[in-house]
Amino acid sequence: MSINKKVRVRFAPSPTGGLHLGGVRTVLFNYLFARKYNGDFVLRIEDTDQSRYVEGAEQYITDCLKWCGLNPDEGPEKGGPFAPYRQSERKHSYRQYAEQLVQSGYAYYAFDTTEELEEQRRLTPNFRYGHENRKVLRNSLNLSSSEVENLLAKKIPHVIRIKMPSNETISFNDMIRGIVSFDTNLVDDKVLLKADGMPTYHLAVVVDDYLMKISHAFRGEEWLPSAPVHILLWEYLGWKAEMPEWVHLPLILKPDGNGKLSKRDGDRLGFPVYAMNWKDPQTGSVIKGFREMGYLPEAFVNMLALLGWNDGTEQEIFSLDELIEKFTIERINKAGAKFDFEKAKWFNHEYIKKADAASLNTGIRDTLSEKEITITDNKYLDKVIELVRNRLTFLQDFWEHAYFFFEQPKEYDLNAVKPKWNEPKTEFFQTLCDNLFELNNWDNEEVETKFKALSERKGIKLGELLLPFRVMLVGGKFGPGVFDIAATLGKEETIIRIKKALNIFND
């Protein structure tokens, strides 16, 4: 695909709550496209609906993008040549365009009260303000000019609505779907400017995309029904030649493929649908996110990229640089992508396996802090991570697989030891403590050598000793290599644990 203009894309969320998987994927596809073509990625906050504004939501969105490593080139926090990047701070710029549309005959003032519209909805099932009824409602299309001027002079609350043409077909090219067409008779006269002077999404998105020179508009396919309104606005405002290319992304579907994935599906099926924990400022309830579950951001980004896109090969693990290099709009699927949590877990497991311990250290410290475990020795933590990381699906699994490195066993699997426990084995481990104490070079190989030599000398099969040794150190039949465990715990702690277990085994 050849790009013959400067690429500028934007992610334009409303600050109304947590950031859904679909929203982060929209960010990702914007970001990949911008980076691939040396373009600009803009974050714009669409907060024109102040009734739905949620305190903290904008910062949450910014934090999500930072965690994912998908940082914008321009935005409210970073600034840029087209500031401000919050629509509420651009309020003064929208009315002139709405008024221009009225003067050109493409829009009109509507003075209908909320009560009058509610009555219309009561009288008319599926009421829609449009070509069928606009001539009988209270608006500037059927009021005299003097009545309109009088109402405006008295500052009577009103909105400005687009005047959708009748009996026309609006067609445009979507870069994923090809030619898409709409019958204008099926589209209502959307509000462009609200009574409080704030624009609706329909007007604001067109004006801001024009003023910010957006070249390609990526958004979810749920916005397809709004496309004819937006295309007409580009035309009516005289900007059609500068209209961005349209890219309507497929939905992320429920695991069974039946409908759009929602927060309720996550609650029902036990997985997150938000990037990070979202705390509702009104209820105080917390919706769990992928980050807090112990998902690595690189794995999260990789997983999202393959929800609706592939590079045409069998490759599944991609670095961000590889995604940028291989990303093309042509490889985005038209159909929705089913979310598979088991596959999402697989991605994270693969990334944890190949990560170095130091890169996992901070995230695992967070999981340990929840257990009130304070780490003062980074090298020790790194050793433990190296031993157990292949067993982890999420970073939060770390405690389950490694708790015995930070506290002595509270319980022992005596059923695994007692039936075959005898005096010679007691003597073996008593002697082992003495032999281990004499070791100058403490590592897994030296411990193993001493252990095996003593086993031969005592005439006890190695297999009968390894399991009790493991239970002594960790409490049960689990964990990494037993000599690796001993080497990591250290000489003093290993001997302490053997002696403590002997007292219990011989009780």
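The structure we're discussing is the one just above.
Residues numbered from 1 in each chain as written. Predicted model: local features only at pLDDT ≥ 70, side-chain atom pairs only at ≥ 80, totals over all residues. Heavy atoms only, no water.

(A) Examining the packing of aromatic side chains more closely. Taken as a whole and assessed by the stated rule, the structure comprises 47 aromatic pairs. Ring geometry for Phe33 versus Tyr37: centroids 5.0 Å apart, planes at 55°, classification tilted. For Phe33, a relative accessible area of 1% puts it in the buried group. Residue Tyr37 is classed as partly exposed on the basis of its relative accessible area of 23%. For the pair Tyr97 and Trp239, a centre-to-centre distance of 5.3 Å together with 70° between the ring planes defines the contact as edge-to-face. Remark: Trp239 occurs in the loop between α7 (227-236) and β9 (245-249) and Tyr97 occurs in helix α3 (residues 95-103); sequence separation between them is 142 residues. Trp239 carries the same exposure label as Tyr97, and that label is buried. (Phe/Tyr/Trp six-rings, centres within 6.5 Å; stacked < 30°, edge-to-face > 60°. Buried < 20%, exposed > 50% of the residue type's maximum accessible area, 1.4 Å probe, protein only. Helix = DSSP H or I, 4+ residues; strand = E, 2+ residues; numbered from the N terminus.)

(B) Main features of the nonpolar core. Core analysis: the biggest nonpolar cluster contains 115 residues, and Phe300, Phe339, Phe398, Phe406 and Phe429 have the highest contact counts within it. Per-element accounting of this core gives the leading share, nine residues, to helix α1 (residues 21-36). When neighbours within four sequence positions are excluded, Phe300 is seen to be in contact with Leu21, Val24, Trp67, Cys68, Ala275, Phe290 and Tyr295. Among the nonpolar cores identified, the runner-up in size contains 40 residues, and Ala107, Ala227, Trp234 and Met243 belong to it. (Core = buried A, V, L, I, M, F, W, Y, C linked by side-chain atoms within 4.5 Å. Contact = heavy atoms within 4.5 Å.)

(C) The layout of surface pockets, seen in detail. A volume near 1,300 Å³ is recorded for the largest pocket. What lines the largest pocket is a set of 47 residues, and nearest its centre among them are Pro13, Ser14, Thr16, Arg52 and Trp223. For the lining of the largest pocket, the elements supplying multiple residues, two or more each, are β1 (8-11), α1 and β8 (216-220). Of the residues assigned to the lining of the largest pocket, the class counts are 19 nonpolar, 15 polar and 13 charged. Looking at the second largest pocket, it is lined by 20 residues, and the ones nearest its centre are Tyr295, Leu296, Pro297, Gly363 and Leu395. Of all the elements in the fold, those that place two or more residues in the lining of the second largest pocket are α9 (290-293), α10 (297-305), α12 (341-354) and α13 (357-370). The greatest single-element share of the lining of the second largest pocket, amounting to seven residues, is contributed by α13. (1 Å grid on protein atoms, 1.4 Å probe; cavity = no way out; pocket = protein on both sides within 12 Å on 5 of 7 lines; lining within 4 Å. Points joined across faces, edges and corners; volume = space filled by probe spheres on them. Nonpolar A, V, L, I, M, F, W, Y, C, P; charged D, E, K, R; others polar.)

(D) Structural view of the packing of α1 against α10. Across the interface, α1 lies against α10 with an axial gap of 10 Å and an inter-helix angle of 90°. Taken as axis vectors, α1 and α10 run roughly perpendicular relative to one another. Together, Leu21, Val24, Arg25, Leu28 and Phe29 of α1 and Phe300, Val301, Leu304 and Ala305 of α10 make up the contact between the two elements. Split into classes, the residues belonging to the contact of α1 with α10 amount to eight nonpolar, no polar and one charged. (Axes fitted to C-alpha atoms, helices over the stretch in contact; angles between N-to-C directions. Parallel < 35°, antiparallel > 145°, perpendicular 65-115°, else oblique.)

(E) How the structure looks around the pattern of salt bridges. Enumeration according to the criterion identifies 34 salt bridges in this entry. Glu407 is paired through a salt bridge with Lys410; the nearest N and O atoms lie 3.0 Å apart. Overall, the relative accessible area of 25% leaves Glu407 in the partly exposed class. Residue class for Lys410 comes out exposed when judged on its relative accessible area of 66%. (Salt bridge = Lys/Arg side-chain N within 4 Å of Asp/Glu carboxyl O.)

(F) Quick look at the sheet that holds strand β3 (residues 107-110). Strand order in the open sheet formed by three strands is β3-β4-β7, with antiparallel pairing between adjacent strands. Two strands in the sheet have a free side with no partner beyond their single neighbour: β3 and β7 (191-193). When the angles between neighbouring strand axes are averaged without regard to direction, this sheet yields 40°. Of the pairings in the sheet, the one linking strand β4 (residues 159-162) to β7 comprises two bridges and is antiparallel in character. By the bridge assignment for β7, Arg161 is matched with Val191. (Pairing = 2+ DSSP bridges.)

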